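For reference, the chains in residue letters:
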Amino acid sequence: MTDAAFEIAFKNVFGRAPEGAWAAPGRVNLIGEHTDYNDGLVMPFALPHTTRAAVARRDDGLLRLHSADMDGGVVELPVADLAPGTTEGWARYPAAVLWTLRQAGHAIGGADIHYDSTVPVGGGLSSSAALQVVTALALTELHGVQGLSRQELALLCQSSENTYVGAPVGVMDQTASACCTEGHALHLDVRGLAQRQVPFDLAAEGLRLLVCDTRVKHAHADGAYGKLRAGCEAAAEVLGVPALRDVAYDGLQAALDALPDDRLRRLTRHVVTENQRVEEVLALLDAGRTREIGPVLTAGHVSLRDDFQVSCPELDLVVEAALAAGALGARMTGGGFGGSAIVLVEAADEAAVGAAVAAALPQVRQFATVPGPGARRLW
Ligand code: ADP
Ligand code: MG
């Protein structure tokens, strides 16, 4: 939908003109999965797919929300009544952001907001983070909030999901949506939040990256996430370190020997080797050896499947079919139990690999992608 049509859509819902429009992207995580809540390393990039928000302020203390992607019409919430646990459905994400901004002392009042999105919802590509970040950026810019960095904005969004939505997520997704830049992957050290934009120009190298949405999300995903997180924390406690991040790669065997049970050993082995894989991918990209990241991606999938045990038959099928058809590397991306896989291929092999994936899992929705820009004002 064009900018003009998006403005008209806002007018049709709210009967007046918006003051502006913003966009925030979904993300793909290239490497570094389930490491963010272990104070570790991640390397996401922004998708060209975005969630847009057209916004106008209100002076009567109401937050009115509408999404072109959701049934149920306008959701109306008095800003003064917002409180953790009180909002249902999709509206809790933007409500959480507004509540958290106010808790942080920012003078933000009511608004009318209309959303639409090209990010597949529930596909492991962080439509939820796109929704949060576009809301936070729009509200802070419209209200003239000064001195809030993109990373701080992402932290506020994460906090809103932890506190208000009640999901114990790490900060990768929101940081990717807020901070990524076109043509780059974002190397993020979650401890200390040091960022580096790493050139990742697939087209120039004759490569393609396919995103394959399995269109499944297994029901136990949310509960499993909390248990995995708790398991990682338990392992760190036994090892006497603040987080699994602190287990060095060359100290892995000693750490495994010190852990009392197989589950904690598996979780630890994944996190430690995955942090190492992020550093390997970074070094390869820096050296211009982009093709060679393929096997590192595949090793990441094997670790998520066998050690962290967050893959599922559909994701494994996609990865196996892609590799058998000649892909350079493939892995699940995002939290797991469904969602999407990424596949690195030579441009010349794109069609054959895509066809093999579609034959293996007919419901798959796939597209080739390049790193797009982070959140921004549209007009
Ligand atoms: P993912 O982030 O992988 O897409 P999640 O389950 O974390 O999946 O987030 C999806 C949820 O985020 C949806 O169920 C909905 O509540 C909310 N959401 C995402 N995009 C939109 C949108 N465009 N409009 C309204 N709600 C959205
Ligand atoms: Mg999400």
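In this text, all values refer to a predicted model and were calculated from it rather than measured experimentally.

1. Thoughts on the overall build of the protein
The number of helices and strands found in the protein is 11 helices and 12 strands. In terms of overall dimensions, the protein is globule-like: its C-alpha atoms have a radius of gyration of 21 Å, near the 21 Å expected for 379 residues. Overall size of the protein, expressed as C-alpha extent along the three principal axes, is 60 × 50 × 35 Å. The buried share among the 379 residues of the protein stands at 56%. Look at the contacts in the protein between residues 6 or more apart in sequence, and 72% of them connect residues 24 or more apart. Carbon and sulfur atoms form 51% of the exposed surface of the protein, whose accessible area is close to 14,300 Å². Between the averaged position of the 30 positive side-chain charges in the protein and that of its 45 negative side-chain charges there is a distance of 2 Å.

2. Observations regarding the site of ligand 1
Around ligand 1 lies a shell of 17 residues, among which Ser67, Asp69, Gly122, Gly124 and Ser127 are the nearest. The backbone of Gly122 places a nitrogen or oxygen atom 2.8 Å from an oxygen atom of ligand 1. Between ligand 1 and Ser128, the relevant distance is 3.0 Å, taken from an oxygen atom to a side-chain nitrogen or oxygen of the residue. When isolated, ligand 1 has an accessible area of 570 Å², and the protein chains bury 84% of it. The element that contributes the greatest number of residues to the shell around ligand 1 is helix H3 (residues 127-142), accounting for three residues. For the shell around ligand 1, the per-class residue count stands at seven nonpolar, eight polar and two charged.

3. Remarks on the sheet that holds strand S10 (residues 338-346)
Paired through backbone hydrogen bonds, the strands of a sheet run either parallel or antiparallel to each other. Strands sit in the order S9-S10-S8-S11 across an open sheet of four strands; the sheet is antiparallel. Of all strands in the sheet, those bounded by a partner on one side alone are strand S9 (329-333) and strand S11 (365-369). For this sheet the average axis-to-axis angle between neighbouring strands, irrespective of direction, equals 20°. Relative to S10, S9 runs antiparallel, the two sharing five bridges. Bridge pairing in S10 places Met332 opposite Ala341. Contacting S9 and S10, helix H9 (residues 293-308) runs over the sheet at an angle of about 40° to S9. On the sheet, helix H11 (residues 350-360) packs against strand S8 (207-217), S10 and S11 and is oriented at approximately 10° with respect to S8.

4. Focus on the nonpolar core
Counting residues in each nonpolar core, the largest one holds 44 residues, and the members touching the most others are Val55, Leu63, Leu65, Ile113, Tyr115 and Leu139. Sorting the residues of this core by element identifies strand S1 (20-31), strand S2 (41-57), strand S3 (62-67), helix H2 (92-103), strand S5 (111-117), H3, helix H4 (150-165) and helix H5 (172-179) as the ones contributing at least two each. Top element by residues in this core is H3. It accounts for eight residues. The residues contacting Leu63, other than those within four sequence positions of it, are Val75, Glu76, Leu77, Val79, Ala95, Leu98, Gly110, Ala111 and Ile113. Ranked by size, the runner-up nonpolar core spans 42 residues in total, among them Ala235, Leu244, Val318 and Val364.

What counts and what doesn't
- Residues numbered from 1 in each chain as written.
- Chains lettered and ligands numbered in written order.
- Predicted model: local features only at pLDDT ≥ 70, side-chain atom pairs only at ≥ 80, totals over all residues.
- Heavy atoms only, no water.
- Helix = DSSP H or I, 4+ residues; strand = E, 2+ residues; numbered from the N terminus.
- Rg over C-alpha atoms; globule rule 2.2 N^0.38 Å.
- Buried < 20%, exposed > 50% of the residue type's maximum accessible area, 1.4 Å probe, protein only.
- Contact = heavy atoms within 4.5 Å.
- Areas by Shrake-Rupley, 256 points an atom, 1.4 Å probe, with all protein chains shown as cover.
- Lys, Arg positive; Asp, Glu negative; His and termini not counted.
- Charge placed at Lys NZ, Arg CZ, Asp CG, Glu CD.
- Near = heavy atom within 4 Å.
- Polar contact = N/O pair within 3.5 Å; in protein donor to acceptor, adjacent residues only side chain to side chain.
- Nonpolar A, V, L, I, M, F, W, Y, C, P; charged D, E, K, R; others polar.
- Pairing = 2+ DSSP bridges.
- Axes fitted to C-alpha atoms, helices over the stretch in contact; angles between N-to-C directions.
- Core = buried A, V, L, I, M, F, W, Y, C linked by side-chain atoms within 4.5 Å.

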